[in-house]
There are 2 protein chains.
Amino acid sequence: MAGTVTVPGASVPSTPLLKDELDIVIPTIRNLDFLEMWRPFFQPYHLIIVQDGDPTKTIKVPEGFDYELYNRNDINRILGPKASCISFKDSACRCFGYMVSKKKYIYTIDDDCFVAKDPTGKDINALEQHIKNIMSPSTPFFFNTLYDPYREGADFVRGYPFSLREGTHTAVSHGLWLNIPDYDAPTQLVKPKERNERYVDAVMTIPKGTLFPMCGMNLCFDRDLIGPAMYFGLMGDGQPIGRYDDMWAGWCVKVICDHLSLGVKTGLPYIWHSKASNPFVNLRKEYKGIFWQEDIIPFFQNVTIPKDCDTVQKCYIYLSGQVKEKLGTIDPYFVKLADAMVTWIEAWDELNPATPATENGKAK
Amino acid sequence: MAGTVTVPGASVPSTPLLKDELDIVIPTIRNLDFLEMWRPFFQPYHLIIVQDGDPTKTIKVPEGFDYELYNRNDINRILGPKASCISFKDSACRCFGYMVSKKKYIYTIDDDCFVAKDPTGKDINALEQHIKNIMSPSTPFFFNTLYDPYREGADFVRGYPFSLREGTHTAVSHGLWLNIPDYDAPTQLVKPKERNERYVDAVMTIPKGTLFPMCGMNLCFDRDLIGPAMYFGLMGDGQPIGRYDDMWAGWCVKVICDHLSLGVKTGLPYIWHSKASNPFVNLRKEYKGIFWQEDIIPFFQNVTIPKDCDTVQKCYIYLSGQVKEKLGTIDPYFVKLADAMVTWIEAWDELNPATPATENGKAK
């Protein structure tokens, strides 16, 4: 078990925030050397590693980290036939980690993401900022021009209704990336040398009714509030599409957060995204999504979840029905996806029974 | 007439952008010494000064600026009985300047706002940034997590629908303030020492369907696209409310921009707001607004402008009817305000006849 770690010179809180309430989920196909750089920030936390691809391969995890690791064989064993809802050969498999966690909060990060520096040259403790974001309220009902009103040195500006200043619970904290921006294949192809060098010192709530492209590279969320909607869909092996896993989750999550009056924040913290994926490979994975999203976005912009859907699960099952009905006409893929959404919820509920015994119900 | 000005060391574009297409509107009750600091940036432009308060007082304008000045007597002479829609003893009077301008763009700034410095210590040419904002498209239909996608070094991120990447016309550019933030009286009272020291290096579009608190201190807009909705209401002398002039305009403007698919941006540029107004005086002006906005905001959030309202004027007249019907029950003030909204449009159309002769129709 990992305890509090003291590394000389690093800006580590003396008691790591939410140490026993947060799991770090990492999907990977390689040795996790990238964790060395994160050691001062991550070592106090429990890691859930979801090994993608060949399950016979051994993934090396640096010494001193407290982790559990699941490969495809583990997923199949734990979920049985319901394992069909977990993608293979795609980082979408990470959502299995959300399901087996028993913590309140999840932070997920890609293994090509490193510690970024703020404009003063100081290492950014991304996890600490996410925790700040997620533990302070969101303001989705009215825009605050000075960004996060709960941040030190800021507040609500003149004209902001007082009745809305308590805000609402934050379900998601979406962090950004310095160096390699999260571009689609066409943009990568057109701008191969573009790097994100702009550090925007802001956190903001994405307003109610507005969809956004949620990237899974550097993402934190409250499992209790929104976990069952964080399904990363069917991507990769055997599927006609890839690189839309986090987008799909983001659209579902945002529509459900809006319905349940939960908040989604974006902005700080930045991580350093080290390498661009191959744009040609990406184009092959994405090209159907590029067409389909032209219909998917209006679908999510117009879907209205009925009032009696008062849990994330109910909302998600309702959405799956709408996906089948409204998007199934685009391609049979969406019928399969809609079914997988239902399977995902069934598997989620099986591993996370809604009883006081939840704490002891962890499937291993 | 002012020509291009060269000041050694200042970052002045060699040819000022939109020199003949933009007026700077300044409401004031004092000598305009603050213009000295703005000289390198403002001198090429034409100023419209709206003198508030005692019309017999002489306002001194520093040498070398090209300006026209209107006091209350001028407003009464030009508008006749319709002058009743222009506020007195309140900076809301500035909207008279929007009405008499014949230019495509307006920049308005308060006379206690000075040139701010960016984090490198360089003077910020606020007007230049506003012009960049307003001449590049807005993206109100979907959120871009890397902020303004049209800015150098940025773009649309993965998952942003391609059909929305052209964006839409930008009608408004809302700039921010370093030093004294734009707080209401209660917040001023609670946090008298708070200063805004955070330079957030971002411009963003406020999403469709989201209202925001529009501050008139540092504001640029396209008169052709949204001018007739930039009415700053009835405030100050003889009215039960003050300091809601820009808020009122912002709510009307945003609802109409959403209806007409026009964009509103906020963020850069910053100005240096030099002094906080008296919070006790402000509280007296604001306190009714603090109550009323709790009803006004839901009103604007729920109002739906009919499809056949295809001009700003038609939208605004429709809004005035709704204000009378839905807000008139709160206080008779809103009936008076609704009537003034109609008068404003009548006066606007009188001074800005919709004919090819518009260019020559300037009232003096």
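Thresholds applied
- Residues numbered from 1 in each chain as written.
- Chains lettered and ligands numbered in written order.
- Predicted model: local features only at pLDDT ≥ 70, side-chain atom pairs only at ≥ 80, totals over all residues.
- Heavy atoms only, no water.
- Helix = DSSP H or I, 4+ residues; strand = E, 2+ residues; numbered from the N terminus.
- Expected span 1.5 Å × (residues − 1).
- Bend = angle between axes of the 7 residues up to and from the residue.
- Buried < 20%, exposed > 50% of the residue type's maximum accessible area, 1.4 Å probe, protein only.
- UniProt positions renumbered as here; feature names shortened; annotations may be inferred.
- Contact = heavy atoms within 4.5 Å.
- Polar contact = N/O pair within 3.5 Å; in protein donor to acceptor, adjacent residues only side chain to side chain.
- Least-squares fit on C-alpha atoms with pLDDT ≥ 70 in both.
- Buried area = accessible area lost by both parts, 1.4 Å probe.
- Salt bridge = Lys/Arg side-chain N within 4 Å of Asp/Glu carboxyl O.
- Nonpolar A, V, L, I, M, F, W, Y, C, P; charged D, E, K, R; others polar.
- Core = buried A, V, L, I, M, F, W, Y, C linked by side-chain atoms within 4.5 Å.
- Disulfide = S-S within 2.5 Å.
- Phe/Tyr/Trp six-rings, centres within 6.5 Å; stacked < 30°, edge-to-face > 60°.
- Lys NZ or Arg CZ within 6 Å of the ring centre and 35° of its normal.
- Patch = residues over 30% accessible without salt bridge, like charges linked within 9 Å, V, L, I, M, F, W, Y side chains within 5 Å.
- Areas by Shrake-Rupley, 256 points an atom, 1.4 Å probe, with all protein chains shown as cover.
- Axes fitted to C-alpha atoms, helices over the stretch in contact; angles between N-to-C directions.
- Parallel < 35°, antiparallel > 145°, perpendicular 65-115°, else oblique.
- Left-handed = near helix turned anticlockwise from the far one by under 90°.

Describing helix α8 (residues 279-302) of chain B
Residues and elements named next belong to chain B. Taking 1.5 Å per residue as the helical rise, α8 with its 24 residues ought to reach 34 Å, and the 32 Å between its terminal C-alpha atoms agrees with that figure. Where α8 bends most, at E286, the angle is about 50 degrees. The complete set of buried residues in α8 reads P279, N282, E286, G289, I290, W292, Q293, I296, I297, F299 and F300.

Comments concerning the UniProt feature "glycosylation site" (unreviewed entry) in chain A
When the UniProt feature table is mapped onto this chain numbering, "glycosylation site" (unreviewed entry) sits at R158(A). Structurally, R158(A) is set in the loop between α4 (126-135) and β6 (170-179). The buried category is assigned to R158(A), whose relative accessible area is 5%. In this structure, R158(A) is in contact with D182(B), Y183(B), D184(B), P213(B), C215(B), R243(B), D246(B), M247(B) and E286(B), ignoring residues within four places of it in sequence. In terms of polar contacts, R158(A) uses its side chain to reach the backbone carbonyl oxygen of R243(B), at 2.8 Å.

Re the environment of D246(B)
Structurally, D246(B) is set in helix α7 (residues 245-259). Taking relative accessible area as the criterion, D246(B) reaches 4% and is therefore assigned buried. A C-alpha to C-alpha distance of 18 Å links D246(B) and V100(B), two positions 146 residues apart in sequence. Not counting chain neighbours up to four residues away, the residues in contact with D246(B) comprise R158(A), M214(B), C215(B), G216(B) and F232(B). Among the polar contacts made by the side chain of D246(B), one reaches the main-chain amide nitrogen of G216(B) at a distance of 2.8 Å.

Section: the relation of the copies chain A and chain B
Mapping chain A onto chain B is achieved by rotating through 180 degrees and translating by 0.0 Å along the same axis, at an RMSD of 0.0 Å. Each copy turns onto its partner about a two-fold axis. Of every C-alpha in chain A, the one belonging to V200(A) sits nearest the axis of rotation, 2.8 Å from it. The fraction of interface residues of chain A whose copies in chain B are also interface residues reaches 100%, indicating that both copies meet through the same surface.

Side note on the interface of chain A and chain B
Across the contact, 59 residues belong to chain A and 59 residues belong to chain B. Approximately 5000 Å² of surface area, both sides summed, lies buried where chain A meets chain B, with 57% of it carried by carbon and sulfur atoms. When residues of chain A are sorted by the area they lose upon contact with chain B, F143(A), R158(A) and R198(A) head the list and together hold 17% of the total. Run the count over chain A and chain B and you get 10 salt bridges. Here R158(A) and D182(B) are joined by a salt bridge, their closest N and O atoms 2.9 Å apart. Remark: the boundary between chain A and chain B carries 27 residue pairs in polar contact (both at pLDDT 80 or more). For the side of chain A that touches chain B, the secondary structure elements donating two or more residues are β6, α5 (185-190), α7 (245-259), β9 (263-273) and α8 (279-302) of chain A. Here the side of chain A that touches chain B gets six residues from one element, more than from any other, and that element is α8(A). Residues belonging to the side of chain A that touches chain B are distributed by class as follows: 30 nonpolar, 12 polar and 17 charged.

Considerations on the nonpolar core
Taken as a class, soluble globular proteins show a tendency for nonpolar side chains to be buried jointly. By size, the foremost hydrophobic cluster in this structure holds 240 residues, and its most contacted members are W248(A) and W248(B). When near neighbours in sequence (up to four residues on either side) are disregarded, W248(B) contacts Y231(B), G233(B), I296(B), F300(B), Y316(B), V323(B), L327(B), F334(B), L337(B) and M341(B).

Examining the pattern of salt bridges
All names here are of chain B. Scanning the model with the defined rule gives 42 salt bridges over all chains in all. Across the pair R77 and D74 runs a salt bridge whose closest N-O atoms are separated by 2.9 Å. Of this pair, R77 and D74 both sit in helix α2 (residues 72-79), separated by three residues, roughly a single helical turn. When its relative accessible area of 53% is taken as the criterion, R77 is described as exposed. You can call D74 buried: its relative accessible area is 14%.

Overview of the state of the cysteines
Within the structure shown, the criterion is met by zero disulfides over all chains. Not part of a disulfide, C257(A) finds its nearest cysteine sulfur in C315(A), a span of 9.6 Å. By relative accessible area, C257(A) is classed as buried at 0%. The closest cysteine sulfur to the non-disulfide-bonded C220(B) is located on C257(B), 13 Å from its own sulfur.

Focus: the packing of aromatic side chains
For the structure shown, the criterion picks out 42 aromatic pairs over all chains. Where Y98(B) meets F232(B), the ring centres are 5.6 Å apart and the plane angle is 75 degrees; that geometry is what we call edge-to-face. With Y98(B) in helix α3 (residues 95-100) and F232(B) in the loop between α6 (223-226) and α7, this pair connects stretches of sequence that are 134 residues apart. Of the two residues examined, Y98(B) and F232(B), each falls in the buried class. One aromatic cluster in this structure is built from Y244(A), W248(A), W251(A), W292(A), F299(A), F300(A), Y333(A) and F334(A). It is R165(A) that lies over the ring of F162(A); its NZ or CZ is 3.7 Å from the centre.

Some remarks on the UniProt feature "site: Required for activity" (unreviewed entry) in chain A
Residues and elements named next belong to chain A. Per the UniProt record, "site: Required for activity" (unreviewed entry) is annotated on R158 and R165. Turning to its location among the elements, R165 is positioned in the loop between α4 and β6. On the basis of relative accessibility, which here comes to 12%, the residue R165 falls in the buried class. A polar contact is formed between the side chain of R165 and the backbone oxygen of V157, at a distance of 3.5 Å.

So, a nonpolar patch on the surface
Residue and element names in this part refer to chain A. Taken together, the side chains of L189, V190, F280, L283, Y287 and F291 define a hydrophobic patch exposed on the protein surface, amounting to about 650 Å² of accessible area. Of all the secondary-structure elements, those providing two or more residues to the nonpolar patch are α5 and α8. The leading source of residues in the nonpolar patch is α8, at four residues. One can find Y287 in helix α8. The exposure class of Y287 is partly exposed, given its relative accessible area of 41%.

A closer look at the packing of helix α9 (residues 312-327) of chain A against helix α10 (residues 332-351) of chain A
The angle between the axes and the distance between the axes are what describe a pair of packed helices. Residues and elements named next belong to chain A. The geometry of α9 relative to α10 is characterised by a closest axis approach of 8 Å and an angle of 165 degrees between their N-to-C directions. Here α9 lies roughly antiparallel to α10, going by the angle between them. For the element pair α9 and α10, the recorded crossing hand is left-handed. On the side of α9, the interface is formed by Q313, Y316, I317, L319, S320, V323, K324 and L327, while α10 contributes F334, V335, A338, D339, M341, V342, W344, I345, W348 and D349. For the contact of α9 with α10, the per-class residue count stands at 13 nonpolar, two polar and three charged.

What about the environment of L178(A)?
Residue and element names in this part refer to chain A. Tracing the backbone shows L178 in strand β6. Exposure remark for L178: the relative accessible area of 7% places this residue in the buried category. Between the alpha carbons of L178 and K117 there is a distance of 9.0 Å; along the sequence they are 61 residues apart. For L178, the residues in contact, after removing those within four places along its chain, are A116, K117, N196, E197, R198, Y199, Y270, I271, W272 and H273.

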